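Tertiary structure, described
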Amino acid sequence: MITVESLTMKYGRTLAVDDISFTASAGRVTGFLGPNGAGKSTTMRIMVGLTRATQGTVTIDGRRFADLPNPGLEVGVLLDASAQHAGRTGREILVLAQQFMGLPRTRVEEMLEVVSLTPDEASRRVRDYSLGMRQRLGIATALIGDPEVLILDEPANGLDPAGIRWMRDLLRGYADRGGTVLLSSHLLHEIEVIADDIVMIGHGRIVSQGTKTELLHEAGTIVRADNAIQLELALTDWGLTTHPTGDGALRTEADASLVGKVALQAGVALTELRAAEGAGLEEMFLELTSATQREGVPA
Amino acid sequence: MTTIAAGSSHTPRTAVHPVPLTRITAVELRKMFDTRSGFWLIASIAITAVLAAGGVIVWAPDGQLTYSTFATAIRFPVVIILPLIAILAVTSEWSQRTGLTTFTLIPHRYRIISAKAIGSVIIAIAAMALTFAVGALGNLLGAGVKGAPLVWDVTLTQCLYYVFGMVLSLLVGFMLGVLIRASTGAIVAYFILTFLLPTLFGLLASSAQWFHTLQPWVDSQFAQSGLFVFDKSLTGEQWAHIGVTGLIWLVLPLLVGLRLVMRAEVK
Ligand SMILES: Nc1ncnc2c1ncn2[C@@H]1O[C@H](COP(=O)(O)OP(=O)(O)OP(=O)(O)O)[C@@H](O)[C@H]1O
Ligand SMILES: [Mg+2]
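Residues numbered from 1 in each chain as written. Chains lettered and ligands numbered in written order. Predicted model: local features only at pLDDT ≥ 70, side-chain atom pairs only at ≥ 80, totals over all residues. Heavy atoms only, no water.

1. A closer look at the side chain of Asp-219 of chain B
Residue and element names in this part refer to chain B. Defined as follows: Runs of H or I in DSSP of at least four residues are treated as helices and runs of E of at least two as strands, each being numbered from the N terminus. To sort residues, take the accessible area from a 1.4 Å probe on protein chains only and compare it with the maximum for the residue type: under 20% means buried, over 50% means exposed, and anything in between is partly exposed. Charged-residue counts in this description rest on Lys and Arg as positive and Asp and Glu as negative, His and the chain ends being excluded. We define a salt bridge as a side-chain nitrogen of Lys or Arg found within 4 Å of a carboxyl oxygen belonging to Asp or Glu. The definition of a polar contact used here is a pair of N or O atoms within 3.5 Å, where within protein one atom must be able to donate a hydrogen and the other to accept one, and adjacent residues in sequence count solely through side-chain atom pairs. In this analysis, two residues are considered to be in contact whenever any of their non-hydrogen atoms come within 4.5 Å of each other.
Its place among the elements puts Asp-219 in the loop between α8 (209-218) and α9 (220-224). Buried within the structure, Asp-219 lacks any salt-bridge partner; its nearest side chain of opposite charge belongs to Arg-75, at an N-O separation of 11 Å. There is a polar contact of 3.2 Å between the side chain of Asp-219 and the backbone nitrogen of Gln-221. Within the local environment of Asp-219, its side chain forms a polar contact with the backbone nitrogen of Phe-222, the two atoms lying 3.2 Å apart. In this structure, Asp-219 is in contact with Pro-198, Phe-201 and Thr-245, ignoring residues within four places of it in sequence.

See the structure below:
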């Protein structure tokens, strides 16, 4: 479990992280979202002691990261896959991690296989790696100590579709075995598929957090009827705001059971009623972070 | 991708032991060799030592074909290369951004920095052993080829002076790596400290009388020169010169640098 308590980070007058608190629980995948520059990477760097927070604390299963005797065995970290010595081979980078952690040498070849780097690729120098290969190497470094907590900053960045699918299954498996997974990503679809909990930040502040089902619920309901005009009237009668989705359906903030009741009372036959998933997380993300978006309020 | 899981995940571990400093030092030593540039930098110590010894055999006047001439000639390439090794060992964590992994696996930065210092000194001592061996071979060979008398004009104490002096040079490089944390900047600073500054001090000393007496207390190269002349034992005053200049040019800036390293953000 990762516990973040009133974390604040100031760079001069820039407030990169502004008094945020959240937990990433064991057995769950926590998605950490926010627009560019929101403070995700800064928060993750603070978690592992690379940056000193101005205020606040982070603990991992109740201990500060610096107090872990052999952190690689307890926390797997991937912050930036390109932060490697360009002149080392991929295998050598894993060997260094393996030796720091005091693991058996066989673990290196095992991990290469886990992330699907061939022996030939492993013998190449990292300067000749593609983006996805670096990412795979970074993931291997994070996993080599078989840690119970994973902190991953945009791990899917640069992975091919098969790699993303593999990553998703891997993280799911980790959480299902009781591990804690915190990952940031801009691939909202990925997060929506894999995350159990979501922490969303903008301008260094938490704009929303909770379980995925709760949050997506808040994002509303998609409802469709053959008689769309009657449906819209019935909903607005109840004081519910509706937005046309563009394909004849309506989106509303209310939850599905309320919308169903309204429709029943109004005698409107529904053809579709569901939580606004799919675009849900993206919609919610853009809405919640609109004040902090570079592009301003989205249309 | 393969379906092999990432391991027998989360088998309850027996108590996790802290990473011992010996292991960190071993890994840090490995990191000095495991890139092509690192490997050739260290190999170049042996290569230039042999070249310098060859140069002495070919060009030194017969009367000077002694062990101390060899040791002195070999010192020049080595005194440049050794500190580079120490500088790059430290700065690459920042310039190559490997610190992101290193300081995450070992979150106590002083342990990594100590391991790097110990590793660099081990390399320096190995390099010195090599230097003495190459010098001795050169001396034997020189005597054999040119028929000059075999002269061993270096005592054990003087050997130790020599090693001590070289380790000091290496540590100055190390200090600059820690203080500046950028490869180019630290290397340039090393050349300024070791070659430019002593020249300026020398000029000043010859033109200004007041500085003449002050020079041994501020010019570290001047203060340390006694370590490399294979002449006689150092006097107490000479040791004091080395101590004071070492404090000014090595210990104090190193303390400042360490403080910066402990607080600096790694990204
Ligand atoms: N050393 C620094 N000095 C000044 N400002 C900094 C420094 N490091 C980070 N920042 C600022 O902190 C803010 C948060 O940056 P951070 O990298 O954490 O964002 P992020 O959420 O990871 O963004 P992205 O999605 O683009 O990766 C940014 O405004 C950034 O410019
Ligand atoms: Mg980031």
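2. Overview of the interface of chain B and chain A
For clarity, the threshold we go by: Accessible surface is computed with a 1.4 Å probe, and the buried area is the amount of it that two parts give up when combined, taken over both parts together. Here the nonpolar group is Ala, Val, Leu, Ile, Met, Phe, Trp, Tyr, Cys and Pro; Asp, Glu, Lys and Arg are the charged ones; every other residue, Gly included, is treated as polar.
The interface of chain B with chain A comprises 45 residues on the first partner and 53 residues on the second. In total, about 4300 Å² of surface goes out of reach between chain B and chain A, with carbon and sulfur atoms giving 56% of it. At the junction of chain B and chain A, the tally comes to four salt bridges. With a shortest N-O distance of 2.7 Å, Arg-30 of chain B and Glu-92 of chain A are connected by a salt bridge. Run the count over chain B and chain A and you get 14 residue pairs in polar contact (both at pLDDT 80 or more). If one sorts the elements of the side of chain B that touches chain A by residue count, helix α4 (residues 99-105) of chain B sits on top with seven residues. Tallied by class, the residues present in the side of chain B that touches chain A amount to 18 nonpolar, 15 polar and twelve charged.

3. Topic: the domain arrangement of chain A
By a widespread convention, an interface's size corresponds to the accessible area lost as its parts come together. Worth spelling out the cut-off: Residue ranges for the domains originate in an automatic or database domain assignment.
Its domain assignment divides chain A into domain 1 (2-211) and domain 2 (220-279). Between the C-alpha centres of domain 1 of chain A and domain 2 of chain A the distance comes to 40 Å.

4. Let's talk about the sheet that holds strand β9 (residues 205-211) of chain A
Residues and elements named next belong to chain A. Heads up, the rule is: Paired strands, as defined in this entry, are two strands with at least two bridges between them according to DSSP. Axis angles are defined between N-to-C directions and span 0 to 180 degrees, where every axis is a line fitted to C-alpha atoms and, for a helix, only to the segment in contact.
Across the sheet, which stays open at both edges, the six strands sit in the order β5-β6-β7-β3-β8-β9 with mixed pairing between neighbours. On the outer flanks of this sheet lie β5 (75-78) and β9, each paired with one strand and no other. Ignoring which end each strand starts from, the neighbouring axes of this sheet average 10 degrees apart. Two elements, β5 and strand β6 (residues 149-153), share four bridges in a ladder whose sense is parallel. Looking at the pairing, Gly-76 lines up with Leu-150 of β6.

5. Focus on the pattern of salt bridges
Residue and element names in this part refer to chain A. Per the counting criterion, the structure on display carries 22 salt bridges over all chains. The partner of Glu-74 in a salt bridge is Arg-63, with the nearest N and O atoms 2.6 Å apart. Taken together, the residues span a long stretch of sequence, with Glu-74 in the loop between β4 (55-60) and β5 and Arg-63 in the loop between β4 and β5 at a distance of eleven residues. Look at Glu-74 and you get buried, because its relative accessible area is 15%. Residue Arg-63 is classed as partly exposed on the basis of its relative accessible area of 32%. We note a salt bridge from Glu-110 to Arg-107, for which the minimum N-O separation is 2.8 Å. Pair noted here: Glu-110 and Arg-107 are both in helix α3 (residues 106-114), with a separation of three residues, about one helical turn. Since its relative accessible area comes to 10%, Arg-107 is described here as buried.

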